[in-house]
Amino acid sequence: MSARATETTPPIGAAHDRVYRQLRSRIMYGDIMPGVALTLRGIGKEFGVSMTPARESVRRLVAEGALTMSSSGRISTPELSNERIEELAALRALIEVELASRALPRAHMALIERLQAINGAVAEAVAHRDAVSYIRTNLEFHRTLYLRAQAPAMLAMTETVWLQMGPTMRALYGRLRRTEPPQYHRLIIAALRAGDEPGLRLAVRSDVTMGLRMLAS
C-alpha cells in the first residue's frame, strides 16, 4: 500500500469505532424506532465504510443488547416485551437510585445550576416536540448527576440499560405526548438543594420507572 493511501484511508479499527459510537448514540437516543431492520450494506453506505467495520460495529451492539440478530442473520432494533420492559425498569430503579444517593454528598451549587440548565433544554425539546432531543437531554440530565457518584461500573451498567431501551423510549415519547418537562426533574433538583436523600431516592425512582410502567401496562 502506498504512503499516500495510508494517509487518506483511516485504519479499519478507527472506522469501526466511529461507526460503533455513532450508531450506538442513534440507538440510545431513540433515533431508530423499535423493530427497524438494518443491513450491513446500509450501515456501510450511511457511514462511508466497508463491510468489515459495519460488521464489527453490529457485533458489539448485538452483544450489548442494542440490536438483535435472528438465526437467519436479520439485524434489527429490539422490540421489547412487557416483561422485558418491567425488568429494565426495575434495573433502572435499583442502579440509578443508588447512583443518585452516592452523588448527593458530592453535589454542589454548580452541579445544581447545570442540572437546571439541562432541564431547560429538556423543556425546549418538549416544546418543539423533538423526541430525539428530548431523550438525549433527559439522559444527559441523569448522566450529569450520576457522574458525581464516582461509580463508573454502575454508570456503565446504567448506560447499557439506556442503550437497550432507546427505541422503546422513542415509542413511549410518542404515546405520552408530553407538553412539559418531567415533573420529577424539579423534585430531584429540590432534593439535591435540601440534601434530602429519601426525597432524592423517591424522585429518581419515580422518574425512571413511571413512564416505562405506563408503556408496559
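Below is a short write-up of the structure. (Residues numbered from 1 in each chain as written. Predicted model: local features only at pLDDT ≥ 70, side-chain atom pairs only at ≥ 80, totals over all residues. Heavy atoms only, no water.)

1. Some points on the overall build of the chain
Item 1. Secondary structure summary: the chain contains ten helices and three strands in total.
Item 2. For the chain, the α and β elements follow one another from N to C terminus as α-α-β-α-α-β-β-α-α-α-α-α-α.
Item 3. By residue count, 46% of the 217 residues in the chain fall in the buried class.
Item 4. Accessible surface for the chain amounts to roughly 11,100 Å². Of this, 53% is attributable to carbon and sulfur atoms. (Helix = DSSP H or I, 4+ residues; strand = E, 2+ residues; numbered from the N terminus. Buried < 20%, exposed > 50% of the residue type's maximum accessible area, 1.4 Å probe, protein only. Areas by Shrake-Rupley, 256 points an atom, 1.4 Å probe, with all protein chains shown as cover.)

2. Points about the packing of helix H6 (residues 109–127) against helix H7 (residues 131–147)
Helix-helix packing: each pair is described by the crossing angle between the helix axes and the interaxial distance.
Item 1. With their axes 8 Å apart at the nearest point, H6 and H7 run at an angle of 170 degrees to one another. Between H6 and H7, the angle is such that the two are roughly antiparallel. Pair H6 / H7 crosses with left-handed handedness. Every residue of H7 that contacts H6 at Leu111, Arg114, Leu115, Ile118, Asn119, Ala121, Val122, Ala125 and Val126 is listed here: Ser133, Tyr134, Thr137, Asn138, Glu140, Phe141, Thr144 and Leu145. (Axes fitted to C-alpha atoms, helices over the stretch in contact; angles between N-to-C directions. Parallel < 35°, antiparallel > 145°, perpendicular 65-115°, else oblique. Left-handed = near helix turned anticlockwise from the far one by under 90°. Contact = heavy atoms within 4.5 Å.)

3. Some remarks on the environment of Ser50
Item 1. Here Ser50 shows up in the loop between helix H3 (40–47) and helix H4 (51–63).
Item 2. The class for Ser50 is partly exposed, based on a relative accessible area of 42%.
Item 3. Linking Ser50 and His16, residues 34 residues apart in sequence, is a C-alpha distance of 9.4 Å.

4. Re the nonpolar core
Item 1. One finds Leu145 and Tyr146 to be the most contacted residues of the largest nonpolar core, which totals 63 residues.
Item 2. A total of nine residues in this core trace back to one element, the largest contributor, which is helix H8 (residues 152–176).
Item 3. Not counting chain neighbours up to four residues away, the residues in contact with Tyr146 comprise Glu96, Leu99, Ala100, Leu155, Trp162, Val204 and Val208. (Core = buried A, V, L, I, M, F, W, Y, C linked by side-chain atoms within 4.5 Å.)

5. Brief notes about the packing of aromatic side chains
Item 1. Taken as a whole, this structure holds one aromatic pair when the rule is applied.
Item 2. Note that Arg60 overlies the ring of Tyr20, its terminal NZ or CZ placed 3.6 Å from the centroid. (Phe/Tyr/Trp six-rings, centres within 6.5 Å; stacked < 30°, edge-to-face > 60°. Lys NZ or Arg CZ within 6 Å of the ring centre and 35° of its normal.)

6. Focus: the pattern of salt bridges
Item 1. Scanning the model with the defined rule gives 13 salt bridges in all.
Item 2. Where Asp31 meets Arg26, a salt bridge forms, and the shortest distance between an N and an O atom there is 2.8 Å.
Item 3. For Asp31, a relative accessible area of 35% gives the class partly exposed.
Item 4. Assessed through its relative accessible area of 25%, Arg26 is described here as partly exposed.
Item 5. Between Glu98 and Arg102 there is a salt bridge whose closest N-O contact spans 2.8 Å. Pair noted here: Glu98 and Arg102 are both in helix H5 (residues 82–103), with a separation of four residues, about one helical turn.
Item 6. The partly exposed category is assigned to Glu98, whose relative accessible area is 26%.
Item 7. The partly exposed category is assigned to Arg102, whose relative accessible area is 39%. (Salt bridge = Lys/Arg side-chain N within 4 Å of Asp/Glu carboxyl O.)

7. Overview of unusual backbone geometry
Item 1. The residue Arg129 is not glycine, and still its phi comes out positive at about 50 degrees.
Item 2. Note that Arg129 resides in the loop between H6 and H7.
Item 3. With a relative accessible area of 57%, Arg129 lands in the exposed category.
Item 4. Backbone geometry at Gln150 places phi at a positive 55 degrees, although glycine is not the residue there.
Item 5. On the secondary structure map, Gln150 appears in the loop between H7 and H8.

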